[in-house]
Amino acid sequence: MRGGGVFVKKLKVIISLADQNFARTTSVGTYNVAVHLAKGLAAHPGVELTVLNTPASGVEIAGVRNIQFAGVTDSMGRRVWWDQVRLNREVHRLRPDWLFMPKGYLSFMRRPPCPTVAYVHDVMYHEYWRQGIPGFPKFKSWYFRKCVEATLRYAQVIVTNSEYTKGQINAEARACGYPEPKLVAIGIGFAAPIPAEEKQDQILALVSRWPNKITPRAVEYLSRWERQSRFAGQILCVGSLPEGTVLPARWRWLQRLPAAEFNRTMGASKALVYFTRNEGFGMPPVEAALHGTAPVFSAIPPTEEAMLGLGLPFQNEDYESFRVAMDKALACPSETVAQWARALHARHNWDRVTRELVALLTA
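Here's a quick rundown of the structure. (Residues numbered from 1 in each chain as written. Predicted model: local features only at pLDDT ≥ 70, side-chain atom pairs only at ≥ 80, totals over all residues. Heavy atoms only, no water.)

Comments concerning the sheet that holds strand β9 (residues 183-185)
Then step 1. Here we have seven strands laid out as an open sheet, ordered β5-β4-β3-β6-β7-β8-β9, and parallel in their pairing. Every interior strand has two partners, whereas the edge strands, β5 (65-68) and β9, have only one. Here the strands of the sheet are splayed against their neighbours by 20° on average, with no regard to which way each runs.
Then step 2. Of the pairings in the sheet, the one linking strand β3 (residues 11-16) to strand β6 (residues 98-101) comprises three bridges and is parallel in character. Residue Val13 lies in a different strand from β6, and its bridge partner there is Trp98.
Then step 3. Of the strands in this sheet, β3, β4 (47-53), β6 and β7 (116-119) are in contact with helix α1 (residues 28-43), which crosses β4 at around 145°. (Pairing = 2+ DSSP bridges. Helix = DSSP H or I, 4+ residues; strand = E, 2+ residues; numbered from the N terminus. Axes fitted to C-alpha atoms, helices over the stretch in contact; angles between N-to-C directions. Contact = heavy atoms within 4.5 Å.)

And the structure:
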């Protein structure tokens, strides 16, 4: 590219999406961040992007070089081979200026062959491993912990989603005995607010088998509120369920929805209910507001940071605060939610995140 008659060399960046599988991912949020950052880098005029991709990712980034690798996510063995051996071979062959790892997991068997930036979303695998959470695969927990430790050792730059997660990563580095890494909270972006749809008499609740989502408490509180408020509409649950958790008979369990259908369902709901006790960021409350839906969410540090003091938070240990938040959500004017959406998008947008990322790589 040329500016003022001077040739400016584009930054050669490789991003790895080959370990992404939308149908099987345990974190749709992590998947979305990877895809949007790939699209943002592809559109940046100062970046020459190569995408290491897979058909299972369900996305192709237009206008850039896509190299396809089939089967990476078919089994844990194939995933380990990709992480530890094959990825570094491809990067060595292509010789970029930077390797960008949007899941934040580096090989612990060998150092990356070029400068590397990793997006670390949280350290929950570490916590699961330390706590021995029942039902959480011990090998996966050990394996991804080792990969993040490699990130702390080898990455030239670590980026993350929130100041809260930045603090957690710094604490993890100290616990591992590593020097404090170069770490920047560049955040997460979202698409522009969508005009509010006509609301159906329904509430959308997110559920998950993972213990940080405290789904049994979500079912308990929401059932109690439904009885007390005499809510006669539909309660829709999207996600997985922990073993032994049973939903009330008249609720609908939709499990996982394609992105477009999920967004339509969220936009048509009067409220989104999001329980969690630990997150790196907590995307769903922001997404709900951007779709014109009142977000009711656990008041923990990362969600409160992400929501900028907006929305309808509640305390996980206090049913009464949840009840008040739900009642306010159903009475919340659409213009109030629209004001929240505008403020949230001004802070959380992909253009800003991509600019900050590229500035770090060119500093």
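Considerations on the side chain of Lys103
Then step 1. Tracing the chain through its elements places Lys103 in the loop between β6 and β7.
Then step 2. With no salt bridge to any partner, buried Lys103 finds its closest opposite charge in Asp19, at an N-O distance of 4.4 Å.
Then step 3. A distance of 2.8 Å separates the side chain of Lys103 from the backbone oxygen of Asp19, its partner in a polar contact.
Then step 4. Residues in contact with Lys103, not counting those within four places in the same chain, are Asp19, Gln20, Thr30, Arg79, Tyr119 and His121. (Buried < 20%, exposed > 50% of the residue type's maximum accessible area, 1.4 Å probe, protein only. Lys, Arg positive; Asp, Glu negative; His and termini not counted. Salt bridge = Lys/Arg side-chain N within 4 Å of Asp/Glu carboxyl O. Polar contact = N/O pair within 3.5 Å; in protein donor to acceptor, adjacent residues only side chain to side chain.)

Comments concerning the packing of aromatic side chains
Two aromatic rings are characterised by how far apart their centres lie and by the angle between their planes.
Then step 1. For the coordinates displayed, the defined rule picks out 17 aromatic pairs.
Then step 2. Aromatic pair Tyr221 and Tyr319: ring centres 5.5 Å apart, planes at 80°, arrangement edge-to-face. On the criterion of sequence distance, the pair formed by Tyr221 in helix α6 (residues 215-229) and Tyr319 in helix α10 (residues 319-331) is long-range, its members being 98 residues apart.
Then step 3. Overall, Tyr221 belongs to the buried group, its relative accessible area being 6%. (Phe/Tyr/Trp six-rings, centres within 6.5 Å; stacked < 30°, edge-to-face > 60°.)

Considerations on the environment of Leu312
Then step 1. For Leu312, the position within the fold is in strand β15 (residues 312-314).
Then step 2. Separated by 14 residues in sequence, Leu312 and Ser298 place their C-alpha atoms 8.8 Å apart.
Then step 3. Ignoring anything within four residues of it in the chain, the contact list for Leu312 reads Ala294, Pro295, Val296, Phe297, Ala325, Lys328, Ala329 and Trp340.

Focus on the pattern of salt bridges
Then step 1. One pass over the full model with this rule turns up 16 salt bridges.
Then step 2. One salt bridge in this structure joins Arg93 and Glu90, with 2.8 Å as the shortest N-O distance. Here the residue Arg93 and the residue Glu90 both occupy positions in helix α2 (residues 76-94), the gap between them amounting to three residues, near one helical turn.
Then step 3. According to the relative accessible area criterion, Arg93 is partly exposed, its value standing at 49%.
Then step 4. The exposure class assigned to Glu90 is buried, which follows from its relative accessible area of 8%.
Then step 5. Across the salt bridge formed by Arg323 and Asp327, the nearest N and O atoms sit 2.8 Å from each other. With Arg323 and Asp327 both in helix α10, this residue pair falls four residues apart, about one helical turn.
Then step 6. What makes Arg323 partly exposed here is its relative accessible area of 24%.
Then step 7. Connected through salt bridges with shared partners, the residues Arg145, Lys146, Glu149 and Glu172 form a single ionic network.

With respect to the nonpolar core
Then step 1. In terms of nonpolar packing, the biggest core is built from 52 residues, with Val13, Phe100 and Val159 touching the most fellow members.
Then step 2. Among the elements that make up this core, the one with the highest residue count is α1 (seven residues).
Then step 3. Beyond its immediate stretch of four places on either side in the chain, Val159 contacts Phe100, Val117, Ala118, Tyr119, Val120, Leu183, Val184, Ile186, Leu357 and Leu360.
Then step 4. Residues Ala205, Ile235, Val273 and Trp340 belong to the second largest nonpolar core, which totals 29 residues. (Core = buried A, V, L, I, M, F, W, Y, C linked by side-chain atoms within 4.5 Å.)

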